[in-house]
Amino acid sequence: LIYIDYDDAALGNSATVRTGGDGSYTLSTLNDNYTIVVVTDDSTVDTSSGSVFSGVTMKAASGGTVVSTATTMMVEGNLTVAQLNTALGLATDIDHLTFNAFAADVNAADALAVEKASKQIFTVVNAFAAAVEGSGASQLDAFKTALKAVVDVIKVKVNADSTLDLTDNTDLGLIKGNVSTSLTNGVTGANLTAFTAMADNMAIAIENVNDKIALVTDLTSDVTKNIFSITNVLTDQVRMA
């Protein structure tokens with residue numbers, strides 16, 4: 001589901017439209033200052049894994065032609081394309097405002113790198129969100145908490161001119177700490193004790209999944225789809241735990 005959130009307080013959000021099966025959509029805008037917002041639900045299918053991709057909110061600033069994990073990080077962290085590429089260890093010439101990893105004429109190596117980074121990020125976000133939701137928070141609050149935790153670590157990496165490694169327990173520990181801080185400061189309904197009881201084991205599980213994603217060598221094989229779909233399995237297991 002797509003809508004436009006206007007930065008002008010005098011304007012309300014646009015009507016919501018649903019994308020086509022290929023993710024395409026058309027919306028008319030009232031001015032040039034807006035944010036595109038994507039909300040996934042139980043009818044949203046992630047083509048790269050063949051799995052349902054529900055409960056996720058992604059964003060993109062005005063002027064772009066795609067909405068992706070990368071554009072979401074840019075909007076939420078107020079980051080430039082160059083800053084994000086550095087933090088994620090991606091090629092400097094990738095412009096996330098227009099980059100579509102599944103376009104016919106895309107550079108295959110860049111597409112693979114971007115999609116693997118995207119999958120690793122949402123492995124982290126969705127697993128931590130599931131833990132926060134499982135501890136008693138609403139799905140929306142849980143997602144916002146987990147997303148902010150990841151974005152804040154990316155901003156730290158940007159400031160240090162270093163690269164985020166989501167297969168590394170140290171960087172995952174920083175994200176876990178950010179989530180704990182948010183719960184300490186009060187996320188409605190969330191139980192910090194319940195979250196803390198499983199946080200260490202969950203971080204290890206996330207690392208295991210992201211290690212598998214790091215080994216992917218293409219975006220089309222059944223093996224790749226199976227690996228990418230593990231993210232959903234992990235999310236369900238964490239929520240149940």
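One structure accompanies this document, and this report is about it. Here the structure is a predicted model, which means the values were calculated and not measured. (Residues numbered from 1 in each chain as written. Predicted model: local features only at pLDDT ≥ 70, side-chain atom pairs only at ≥ 80, totals over all residues. Heavy atoms only, no water.)

Observations concerning the sheet that holds strand E2 (residues 34–39)
Quick reminder of the rule: Strands pair, by our definition, only if DSSP identifies at least two bridges between them. Helix numbering and strand numbering both begin at the N terminus, where a helix is a DSSP run of H or I of at least 4 residues and a strand a DSSP run of E of at least 2. Angles run from 0 to 180 degrees between N-to-C directions of axes, and those axes are lines fitted to C-alpha atoms, restricted for helices to the stretch in contact. Here, residues are in contact when the closest pair of their heavy atoms is within 4.5 Å.
Strand order in this open sheet of 3 strands is E1-E2-E5, and the pairing throughout is antiparallel. In this open sheet, the two edge strands, each paired with only one partner strand, are strand E1 (2–6) and strand E5 (57–61). Looking at each pair of strands side by side, their axes are set apart by 25 degrees on average, direction ignored. Pairing geometry for E1 and E2, over 5 bridges, is antiparallel. By the bridge assignment, Ile4 is partnered in E2 with Ile36. Sitting on the sheet, helix H1 (residues 69–77) touches E2 and E5, and the angle it makes with E5 is about 75 degrees.

Regarding the environment of Ser28
Spelled out, the test is: Throughout, exposure labels follow a simple rule: accessible area from a 1.4 Å probe, protein chains only, divided by the maximum for the residue type, with under 20% read as buried, over 50% as exposed, and the rest as partly exposed.
Take Ser28: it is sitting in the loop between E1 and E2. Assessed through its relative accessible area of 65%, Ser28 is described here as exposed. Residues Ser28 and Glu133, spaced 105 residues apart in sequence, show a C-alpha to C-alpha distance of 35 Å.

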